Amino acid sequence: MPNIDKVSLAHLPTPLEFLPRLTEALGGPDIWIKRDDQTGLALGGNKTRKLEYLLGDALTSGADTIVTAGAIQSNHCRQTAAAAAKLGLDCHLVLGSEPPDTVTGNLLLDQLFGAKLHWAGRERRGEPLSELVSELKAQGRSPYLVPYGGSNPIGALGYVEAIKELKQQNGPEFSHILFASCSGGTHAGMLAGQAKYGLNSKILGIRIDKQDPMDGPYEQQLTKLTQQTTRLLTPEVTTDKVQLNNDYMAGGYAVLGQQEVEAIQMLARTEGILLDPVYSGRAFAGLVDLVQQGFFDSDKPVLFWHTGGSPALFAYHQQLSA
Ligand SMILES: *Cc1c(COP(=O)(O)O)cnc(C)c1O
């Protein structure tokens, strides 16, 4: 691994569990779950693993202020705000919304963690970040910019190491690993980790956001991020090609539809596990549909990598309450 002093933020390893009642309900392959909703920091989620490297890098570079961006119900912003608080750093969040009437879910938690909020209207991916960084510098601060979703090669290292953790848990050999893929750090890190640690499972991301990143088509950006991540590794590794399923983006980013509602209810009612409305609920709906289509070999177990997000459930109470 490269020379980045990571900070410890997560409770690791996260549990790897078999889901017997869900498996029975679906009648397909054995379904297992990797509980990165239980990373421990501030109600958990996949951003915590990335932040261990990103904020380690921030501390090394002498930063006193963390700047990042996301949607109004960003899990990434919530975990960043908590991590900054824990490390005694200021945190500025640029949120893609107008100031809302009701403060709930992740946004409520951002406030509890003392983050300073900036409202960016329709720009939910940090478009105004460099401006804010310049302003903070002019005020004599030392800001460190964490990109949208924590998805750069440094953040992705968290998921390179997550694959090592999975290998060490000695579970069964999974035919596929499914998860929500959105800003790409999780996906890129897993692919690099798969190559580095020799994991045989196929890494299959379920795409969440229809909108492409600012600098090009998502799949292309993901491939680029994967390559950049492998370049941080010694020896450098050659990854599998990116595999991305684009079939479950439904109404677009953060639009909760019937497929997500049913998926959330299904996992809650079979296993007592909470998904989220934007990411894991959508990815899990994809998993259920793929099982029902007979996409998987029924004698080979499949892993759903839970990426967290349940605090956002409360912001969708109207669509979710029966
Ligand atoms: C951010 C997020 C994802 C997507 O991870 P990326 O690394 O951005 O692709 C998935 N699930 C949840 C709950 C998230 O908050």
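Residues numbered from 1 in each chain as written. Predicted model: local features only at pLDDT ≥ 70, side-chain atom pairs only at ≥ 80, totals over all residues. Heavy atoms only, no water.

As recorded in an unreviewed UniProt entry, the protein chain goes by the name 1-aminocyclopropane-1-carboxylate deaminase, listed as coming from Saliniradius amylolyticus. UniProt, in its Cofactor (unreviewed entry) section for the protein chain, records the words "pyridoxal 5'-phosphate". (UniProt positions renumbered as here; feature names shortened; annotations may be inferred.)

Inspection of the region around the ligand gives 17 residues, with Lys 47, Lys 50, Ser 183, Thr 186 and Thr 307 positioned closest. Looking at the shell around the ligand, its residues break down into three nonpolar, eleven polar and three charged. (Near = heavy atom within 4 Å. Nonpolar A, V, L, I, M, F, W, Y, C, P; charged D, E, K, R; others polar.)

This part is about unusual backbone geometry. Look at the link from Leu 12 to Pro 13: it is a cis peptide, with omega at -5°. Within the secondary structure, Pro 13 sits in the segment before β1 (16-18). The omega torsion across Thr 234 and Pro 235 is -10°, close enough to zero to call that bond cis. Relative to the helices and strands, Pro 235 resides in the loop between α8 (218-231) and β9 (244-245). Positioned with a positive phi, Ala 42 is a non-glycine residue whose angle comes to about 55°. In this model, Asn 170 sits at a positive phi of 50°, which is unusual for a non-glycine residue. (Helix = DSSP H or I, 4+ residues; strand = E, 2+ residues; numbered from the N terminus.)

Here the focus is the packing of aromatic side chains. All chains considered together, the criterion is met by six aromatic pairs. Taken together, a centroid distance of 6.0 Å and an interplanar angle of 65° make the contact between Trp 32 and Phe 174 edge-to-face. Here Trp 32, found in strand β2 (residues 31-35), pairs with Phe 174, found in the loop between α6 (153-168) and β7 (176-181); they are 142 residues apart in sequence, far enough to count as distant. On the accessibility criterion, Trp 32 (19% relative accessible area) is buried. Judged by centre distance (5.0 Å) and plane angle (85°), the rings of Phe 295 and Phe 296 are edge-to-face. Looking at Phe 295, the relative accessible area reads 42%, which means it is partly exposed. Taken together through their ring pairs, the aromatic side chains of Phe 18, Trp 32 and Phe 174 make up a single cluster. We note Lys 47 situated over the ring of Tyr 279; from NZ or CZ to the ring centre the distance is 5.6 Å. Residue placement shows Arg 49 over the ring face of Tyr 159; its charged tip is 5.7 Å from the ring centre. (Phe/Tyr/Trp six-rings, centres within 6.5 Å; stacked < 30°, edge-to-face > 60°. Buried < 20%, exposed > 50% of the residue type's maximum accessible area, 1.4 Å probe, protein only. Lys NZ or Arg CZ within 6 Å of the ring centre and 35° of its normal.)

The residue Thr 238 is located in the loop between α8 and β9 in this model. The sequence separation of Thr 238 and Gly 150 amounts to 88 residues, and the corresponding C-alpha distance is 23 Å.

As a further point, take the domain arrangement of the protein chain. Taken domain by domain, the protein chain consists of domain 1 (16-45 + 151-321) and domain 2 (47-150). Averaged C-alpha coordinates put domain 1 and domain 2 at centres separated by 24 Å. Each side of the interface is counted separately: domain 1 has 35 residues, and domain 2 has 28 residues. The junction of domain 1 with domain 2 conceals about 2500 Å² of combined surface from both sides, 57% of it contributed by carbon and sulfur atoms. For the domain 1 face of the interface with domain 2, the top three residues by lost area are Leu 41, Ser 151 and Ile 154, together amounting to 20%. Our count for the domain 1 to domain 2 interface comes out at two salt bridges. Between Arg 49 and Glu 165 there is a salt bridge, with the nearest N and O atoms lying 2.8 Å from each other. Applying the counting criterion to the domain 1 and domain 2 interface returns eleven residue pairs in polar contact (both at pLDDT 80 or more). Of all the elements in the fold, those that place two or more residues in the side of domain 1 that touches domain 2 are α6 and α7 (185-197). With eight residues, the top contributor of residues to the side of domain 1 that touches domain 2 is α6. Residue composition of the side of domain 1 that touches domain 2, by class: 17 nonpolar, twelve polar and six charged. (Domains from an automatic or database assignment. Contact = heavy atoms within 4.5 Å. Buried area = accessible area lost by both parts, 1.4 Å probe. Salt bridge = Lys/Arg side-chain N within 4 Å of Asp/Glu carboxyl O. Polar contact = N/O pair within 3.5 Å; in protein donor to acceptor, adjacent residues only side chain to side chain.)

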